[in-house]
Structure formats: structure tokens, C-alpha cells
Amino acid sequence: MQQNSDLLSGRVKNLEDMKRRTLAGNCGVAVFAIAFVCIVVAFSTPSWLVSDYRITGAKLDRLGLWVHCFRSLPDVNDDYQRRFFVGCRWVYDPFTTGYDEIRGFLMPAFMIFTQFFFTLAFIGVFGSLILVLLYFLCGGPDQKYFLLMLKITAYLLLATGTCASLGVIIFACFGNRDKWMPGYANNWFGWSFILAAIGSVAALVCSSLFFTEHHAQERRLRQFKESQLRFEMEHETKT
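The residue numbering used here restarts from 1 in each chain and proceeds along that chain's sequence as written. Given that this is a predicted model, residues contribute local features only at a pLDDT of at least 70 and side-chain atom pairs are listed and counted only at 80 or more, while totals for whole chains, interfaces and linings are drawn from all residues. Only hydrogens and water are removed before side-chain values are computed, so all heavy atoms of the structure are retained for them.

Novice: Help me understand the overall build of the protein chain, please; the structure alone is not making it clear to me.
Specialist: For the protein chain, the helix and strand inventory stands at six helices and five strands. Helix and strand labels come from DSSP, where a helix needs a run of H or I of at least four residues and a strand needs a run of E of at least two; each type is numbered from the N terminus. Listed by position from the N terminus, the elements making up the protein chain come as α-α-β-β-β-β-α-α-α-β-α. The rule is simple: take the accessible area with a 1.4 Å probe, protein chains only, and divide by the maximum for that residue type; under 20% is buried, over 50% is exposed, in between is partly exposed. Taking all 239 residues of the protein chain together, the buried fraction comes to 44%. Pairs at least 24 residues apart make up 68% of the contacts formed inside the protein chain by residues separated by at least 6 positions. Two residues form a contact once any of their heavy atoms are found within 4.5 Å.

Novice: I'm lost on the packing of aromatic side chains in this one. Help?
Specialist: The geometry of an aromatic ring pair is captured by two quantities: the separation of the ring centres and the angle between the planes. Stacked, edge-to-face and tilted labels apply to pairs of Phe, Tyr and Trp rings (six-membered ring for Trp) whose centres lie within 6.5 Å, assigned for plane angles under 30 degrees, over 60, and everything in between, in that order. A full pass over the atoms with the stated rule returns 20 aromatic pairs. Taking 5.1 Å as the distance between ring centres and 75° as the angle between the ring planes, the aromatic pair formed by Phe36 and Phe126 counts as edge-to-face. Placement of Phe36 in helix H2 (residues 23-44) and of Phe126 in helix H4 (residues 109-138) is noted, with a sequence separation of 90 residues between them. Using a relative accessible area of 18% as the deciding quantity, one classes Phe36 as buried. You can call Phe126 partly exposed: its relative accessible area is 35%. Look at Tyr135 and Phe210: their rings are 5.5 Å apart centre to centre, the planes differ by 75°, and that puts the pair in the edge-to-face class. Pair noted here: Tyr135 is in helix H4 and Phe210 is in helix H6 (residues 191-238), with a separation of 75 residues, a long-range link.

Novice: What exactly am I supposed to notice about the packing of H2 against H4 here?
Specialist: Relative placement of two packed helices is described by the angle separating their axes and the distance separating the axes. The N-to-C vectors of H2 and H4 enclose an angle of 145°; their axes lie 10 Å apart at closest approach. As for how H2 packs across H4, the hand of that crossing is left-handed. Contacts between H2 and H4 involve Gly25, Asn26, Val29, Phe32, Ala35, Phe36, Ile39, Val40, Ala42 and Phe43 from the first element and Phe118, Thr119, Ala121, Phe122, Val125, Phe126, Ser128, Leu129, Val132, Tyr135 and Phe136 from the second. Helix axes are fitted to C-alpha atoms over the stretch in contact, other axes to C-alpha atoms as well, and angles between N-to-C directions run from 0 to 180 degrees. The crossing is said to be left-handed when, going from far helix to near helix, the turn is anticlockwise and less than a right angle, and right-handed when the turn is clockwise.

Set out below in C-alpha cells:
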């Protein structure tokens, strides 16, 4: 009788444990919030490369993935230097005369690759948001596809962090080189780039935390099934 009671209490304890998120899961949600904010803000703000504000004659102000801001950028195709671009513009602006003609200068191959990888990261972090919200608000180990959802979330965040990291590395290697943006010696990587770097690392850390959560919940489910099997066998033996 005492052994049967111990088995029953063990089953109840395992069931209660299954309904709780582990520390890895809770930390994963918190780190994901950091990754989400950093990647989204970095994607949409024009401060990946900024000019030293103390330089009064600087031609560049700041630039991002999609918006470039210039103080006075001469048209690289105008040998007589009669046309200058001032202010902030979307990189694919179709309305400013001559802007499309310098797009090859504004968007070299490395910028296109940076845009491509960071856009994938931007899409991935929004897809991960849906899964993380499901996990945080209504997901539980008693649901049929809970473990599968955790695994998909972990892999999606891994892909997101990898793409974001590739975009950051490419821009870090080529973004402040000579013969691209003027005054490169007085330019530095801005806060948008720093957020992009933080977001890429946070996404990778978050991925590892969700892999850990998946492993822990899988082990809990296995232990619950084993305790249930032992209880049923013990019950059959008694009867």
C-alpha cells in the first residue's frame, strides 16, 4: 500500500514538473525579447555607419541598410561636381534626379549581401515571435506538438542568428573601407550596427536555450511515461 502511494505521489510530482517551464525556457523568452528588439531596430534605423559629428566638412552623415543621409555628397558620375545630394533618402528613391545613377556606388555587392542576410534575420525573428508567444502564453508539455514546436523554435532562432551574424560580419569587413563612403578615416560603426551585433548574438544564445528547454521537457515526458508505466504494472500486479 505504501509503495503504491509512493508511485502515485511520484506520478503527481512528475506531472506538476511537466507543467512548468525550466529556467532555460524562461531565460530563452527574456533573451528573445532582447534579440527581437535589437534586430528590428537595427534593420529599420540608418545608423550602421556614421560620420564624426565634429568634422564640419564631412560629406556623410549616416547610413543604414535602407536609408542614406548625406551632408553634401557629390555625384560620383559628374566630373564637374555640379550635383550634390543632401539629406536622407531611401536607397531605392525613384524621385530624386540622378540618385538612381549612383545606386551602384551606394549599393556595392557587400551591401546587397548585408541586406539579404539581415532581411532573412528580420523575417526569421518575426516568425520566431509567433512560436515564442505560443510557448509563453499557451504552450504546454501536455499538448501534442509541444516538443516539435520547441525544436522548430530553436532551429529557426539558430538560422536567424546565423543570418544576422553573416550580415554583421560582412558589413564589419567592408563597411568602412577606403574608396567607398567619403571620409572613411572619420567614420565609425554606429549604434544600429551595435544593436545588430547584439541581436545576432542574442538570437544564437536564445537558440541554445530553447534547445536546452526541448531536451529538458523531452526528458520530463520520458520520465512521466516511465512512472505511468510502472504505476500501471504495479496496479495490475496488485489486482
